[in-house]
Amino acid sequence: MLQLSNVLVTELDPISPVSESYRSLRTAVRFKKVVPADQGLGMVLMIASPKSQEGKTTTLANLAVTYAQEGKSVVIIDSNLRQPGLHKLFGMNNTKGLLHFFQKGLAVDEVITPTGIMGLDLIVAGGQPVNPSELVGSSQMLNLMNQLKQRYEVILIDSPSTLDYTDASLLSEYSDGVLLVTRNGKTKREWAKQARTQLEQSGARMLGMVFNQ
C-alpha cells in the first residue's frame, strides 16, 4: 500500500469516532436520495468550500474511503487545478493526471491510479495550468465525466474554493449533488451564505453543509 496521510482516518482507524462521523455523512447523503441525472450510471458528488484550508479535501478523501468500504466502486477527481492536494493524502506523485488528459490527449485508463484501497481510484491533478477554469468547463471534461459514470458507482470531485474562483460553479454542472464544507473558527457566516448562493445560481443541488472541526 502507498504511504497514506494520517488524516485518512477512515482507512487507518476505521473504528474511531471520527470514522463513524464520516460514515454518518455517507448515510446523510443516502437519505437525500441523490439520483444520477442519467439513470443506471454513477452518482457524482462535488465537495466545495467557501475558501481554502477549510477541510474540504480531507472530508472528500475520507468520504470516498467510506464508500469504498461499503463495496462501491469509487473514483476521486482532483479538479482543484489551483492547489492540488489529493496526491499528497494518498502518497502519490502528481506527475500524470487530469491535466495530461486535457493537454496530452491521454486516455482515461492512463490517468486513473489505484490508491491501494480496494475499490478506490484517483485521478490526480497532474499540475497547475494557467487556464484551469477553461479546462474544467470544456467539452473534454464533460467527456471524461461521461466515461467515468459508466465505470464507477460513485465519482467524487474536489474543487477550488468557491468564492475565489469560478471553477467550482463550472464543476457543479457535472454533479448530482454538492456538499459545502466549512470550518469552525475560520469560515465566516457570510462566506458560507455567499458560496451557497453562488453554487445554487449555477444550478447545483445543495445537499447540505459539513461543519468541520
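Our subject is the structure listed above.
Residues numbered from 1 in each chain as written. Predicted model: local features only at pLDDT ≥ 70, side-chain atom pairs only at ≥ 80, totals over all residues. Heavy atoms only, no water.

**Digging into the layout of surface pockets**
Rolling a probe over the atoms, with the probe sized like a water molecule, indicates the empty space that remains.
Then, number 1: One number sums up the size of the largest pocket: a volume of about 410 Å³.
Then, number 2: As for the largest pocket, its lining consists of 22 residues, and the residues nearest its centre are Gln53, Glu54, Gly55, Lys56 and Thr57.
Then, number 3: It is helix H3 (residues 56–69) that provides the largest number of residues to the lining of the largest pocket, a total of three residues.
Then, number 4: For the lining of the largest pocket, the class distribution of residues is three nonpolar, 13 polar and six charged. (1 Å grid on protein atoms, 1.4 Å probe; cavity = no way out; pocket = protein on both sides within 12 Å on 5 of 7 lines; lining within 4 Å. Points joined across faces, edges and corners; volume = space filled by probe spheres on them. Helix = DSSP H or I, 4+ residues; strand = E, 2+ residues; numbered from the N terminus. Nonpolar A, V, L, I, M, F, W, Y, C, P; charged D, E, K, R; others polar.)

**A few points about the side chain of Thr66**
Then, number 1: Inspection of the secondary structure assignment puts Thr66 in helix H3.
Then, number 2: A residue is classified by how much of its surface remains accessible, and Thr66, at 0% relative accessible area, is buried.
Then, number 3: Other than its neighbours up to four places away in sequence, Thr66 contacts Thr10, Tyr22, Arg23 and Arg26. (Buried < 20%, exposed > 50% of the residue type's maximum accessible area, 1.4 Å probe, protein only. Contact = heavy atoms within 4.5 Å.)

**Brief notes about unusual backbone geometry**
Then, number 1: Of note in this structure, Lys33 is not a glycine but carries a positive phi near 50°.
Then, number 2: Secondary-structure assignment places Lys33 in the loop between helix H2 (17–31) and strand E1 (43–48).
Then, number 3: For Lys33, a relative accessible area of 63% puts it in the exposed group.
Then, number 4: Backbone geometry at Gln53 places phi at a positive 60°, although glycine is not the residue there.

**Some details on the nonpolar core**
Then, number 1: Of all hydrophobic cores here, the largest spans 34 residues; its most connected members are Ile123, Leu148 and Leu199.
Then, number 2: When near neighbours in sequence (up to four residues on either side) are disregarded, Leu148 contacts Val75, Ile77, Val108, Ile112, Ile123 and Ile155.
Then, number 3: Counting residues in hydrophobic clusters, the runner-up holds 31 residues, among them Leu4, Leu45, Ile117 and Val124. (Core = buried A, V, L, I, M, F, W, Y, C linked by side-chain atoms within 4.5 Å.)

**A word on the packing of H2 against H3**
Then, number 1: The interhelical angle for the contact between H2 and H3, taken along N-to-C directions, is 75°, at an axis separation of 9 Å. Classified by the angle their axes make, H2 and H3 are roughly perpendicular. Side by side, H2 and H3 meet where Tyr22, Arg23, Leu25, Arg26 and Val29 of the first sit next to Thr58, Thr59, Asn62, Leu63, Thr66, Tyr67 and Gln69 of the second.
Then, number 2: Taken together, the residues of the contact of H2 with H3 break down into five nonpolar, five polar and two charged. (Axes fitted to C-alpha atoms, helices over the stretch in contact; angles between N-to-C directions. Parallel < 35°, antiparallel > 145°, perpendicular 65-115°, else oblique.)

**With respect to the packing of aromatic side chains**
Aromatic ring pairs are reported here in terms of the distance separating the ring centres and the angle at which the planes meet.
Then, number 1: As enumerated under the stated definition, the model contains one aromatic pair in all.
Then, number 2: Judged by centre distance (6.1 Å) and plane angle (65°), the ring pair of Phe101 and Phe102 falls under edge-to-face. Taken individually, Phe101 and Phe102 each receive the classification buried, so the pair is uniform in this respect.
Then, number 3: Against the face of Trp191 rests Lys51, its NZ or CZ located 5.5 Å from the ring centre. (Phe/Tyr/Trp six-rings, centres within 6.5 Å; stacked < 30°, edge-to-face > 60°. Lys NZ or Arg CZ within 6 Å of the ring centre and 35° of its normal.)

Keep in mind these numbers describe shape, not what the thing actually does.
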